[in-house]
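Descriptive structure summary
Here is what each chain is made of, one letter per residue.
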Amino acid sequence: GPNQIRMYANSTSNTPTIDGTLYMRSGTFTKGFGGPTIVISPSQITDQTGSPYIRTTAIVRGPSGNYYGLLHVGDTYPSQTGYLPAWATSNDGVHWNYQGKIHIDGGQPYAYSNSAAMVVQEEKPAVLDAANPTNNRFVAWEDGYGYELDGIYKKLVLIYSADGLDWHFYRDAGGVVIDVWPNDPAVANDFTVFESATRTPYGYHMIAPDKWPPTAHRHLWSCDGLKWSVVDMNAGTYNQVSTTVHKGTNLVYEPATNLIHALTTGTHFTLPAQALPCPP
């Protein structure tokens, strides 16, 4: 709604003993947030042994008003078994259904993942489009997938789905999972984490820290969600924040104003959406 925002996080920021639970805070860009409310508790995560722990989240509100969450779930923190993406949905953003760990290409491969950026496209067909991965209702860019895929570390991979539970890797003609991180020498040594993305009428934007702990935020751009280029090596979402921890930025596009909103550690930024040259 106008000037109304919700923020979801796995921490209350002052009670470390109950981190790993999904909390929601509501507020406005001008007046800040209220207190945290639990929206997904560990007891709902029935497909995780040990002490279920939500490490990171990618939560998006679709145009219909429905909410979708790609959560990364493991056993406590730090986890000895890594964190796997799981799916959750809500009709109102307050009452959530945890639907379990997702399947990628028919199974749940052991794949440690730090976090993900997700875009919801409810207008897309309800059937899977394998020929055009970003022509699907749900697309997500996951970081940190490692050698278990094909022996080559992937900085950023694209997964796509028609229903949120059955996902597929974006692969080349030979079946190899493609690393979609920009093919740019300037960011060749990056190991991104805590990225966020949004879609505008012109293409996709992403804010991605260069590493952990980050020293810069990269502003990335893609016309099709498959090939990415670097728009800004030092995006203002990092440089203008006075605090010392810059875990990541939440991005959302607002059609009514044609603005991209960014929220980093409580600081609000806006950027007019426009067409940019497509990456080669």
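Now for a look at the structure at hand. Along every chain, residues carry numbers that run from 1 in the direction the sequence is written. Under the rules for a predicted model, residues below a pLDDT of 70 receive no local features and side-chain atom pairs below 80 are neither given nor counted, while totals for whole chains, interfaces and linings still include all residues. To obtain the side-chain values, all non-hydrogen atoms of the structure were included, while hydrogens and water were left out.

This paragraph deals with the side chain of Asp129. Within the secondary structure, Asp129 is located in the loop between β10 (116-120) and β11 (138-143). Buried residues are those whose accessible area, probed at 1.4 Å on protein chains only, stays under 20% of the maximum for their type, while exposed residues exceed 50% and partly exposed ones sit between those limits. The sign given to each residue is positive for Lys and Arg and negative for Asp and Glu; His and the chain ends receive no count. A pair is scored as a salt bridge if a Lys or Arg side-chain nitrogen falls within 4 Å of a carboxyl oxygen belonging to Asp or Glu. Lys124 is the oppositely charged side chain nearest to the buried, salt-bridge-free Asp129, at an N-O distance of 7.9 Å. Ignoring sequence-local partners within four residues, the contact set of Asp129 consists of Asn135, Asn136 and Tyr160. Each helix corresponds to a stretch of at least 4 residues labelled H or I by DSSP, and each strand to a stretch of at least 2 residues labelled E; elements are numbered beginning at the N terminus. Whether two residues are in contact is decided by their heavy atoms, any of which lying within 4.5 Å being enough.

This part takes up the sheet that holds strand β17 (residues 229-232). A pair of strands is labelled paired if DSSP reports no fewer than 2 bridges between them. Sheet architecture is open: four strands sit in the order β14-β15-β16-β17, paired in antiparallel fashion. The sheet is open, and its two edges are formed by β14 (196-200) and β17, each paired on a single side. For this sheet, the mean angle separating the axes of adjacent strands, direction not counted, is 30°. Pairing of strand β15 (residues 203-209) with strand β16 (residues 217-222) involves six bridges; the strand directions are antiparallel. Considered in β16, the bridge of Ile207 is made with His219. All axes are obtained by fitting lines to C-alpha atoms, using only the stretch in contact for helices, and the reported angles, taken between N-to-C directions, cover 0 to 180 degrees.

Between Tyr77 and the following residue, Pro78, the backbone shows a cis peptide bond with an omega angle of -5°. Relative to the elements of secondary structure, Pro78 occurs in the loop between β6 (67-75) and β7 (84-90). Backbone torsion omega between Trp212 and Pro213 reads -10°, so that peptide bond is classified as cis. Within the secondary structure, Pro213 is located in the loop between β15 and β16. In the Ramachandran plot, Asp105 falls in the positive-phi region, its phi being about 55° despite a non-glycine side chain. By secondary structure assignment, the location of Asp105 is in the loop between β9 (103-104) and β10. Its identity is not glycine, yet Phe194 carries a phi of approximately 60°, on the positive side. Here Phe194 shows up in the loop between β13 (166-169) and β14. The buried category is assigned to Phe194, whose relative accessible area is 13%.

This paragraph deals with the environment of Val94. Here Val94 shows up in the loop between β7 and β8 (96-101). Note: C-alpha distance between Val94 and Val252 (158 residues apart in sequence) is 19 Å. Residue contacts for Val94: discarding those within four places in its chain leaves Arg6, Met24 and Val39.

Attention shifts here to the packing of aromatic side chains. Side-chain rings of Phe, Tyr and Trp, where Trp is taken by its six-membered ring, are said to pair if the distance between their centres is within 6.5 Å; with planes under 30 degrees apart they count as stacked, over 60 as edge-to-face, and otherwise as tilted. On inspection of all chains with the given rule, the structure shows twelve aromatic pairs. Both rings, one in Trp87 and one in Phe138, keep their centres 5.0 Å apart while their planes meet at 70°; by these two values the pair is edge-to-face. One end of the pair, Trp87, is in strand β7; the other, Phe138, is in strand β11, and 51 residues separate them in sequence. What links up through ring pairs into an aromatic cluster is the set Tyr68, Trp87, Phe138 and Trp167. A cation over a ring is seen here: Arg55 above Tyr83, with NZ or CZ 5.6 Å from the ring centre. Over the aromatic face of Phe191 sits the side chain of Lys155, whose NZ or CZ is 5.2 Å from the ring centroid. Here, a charge over a ring is recorded when the distance from Lys NZ or Arg CZ to the ring centre is within 6 Å and its angle to the ring normal is within 35 degrees.

By themselves, these observations are geometric and do not establish any function.
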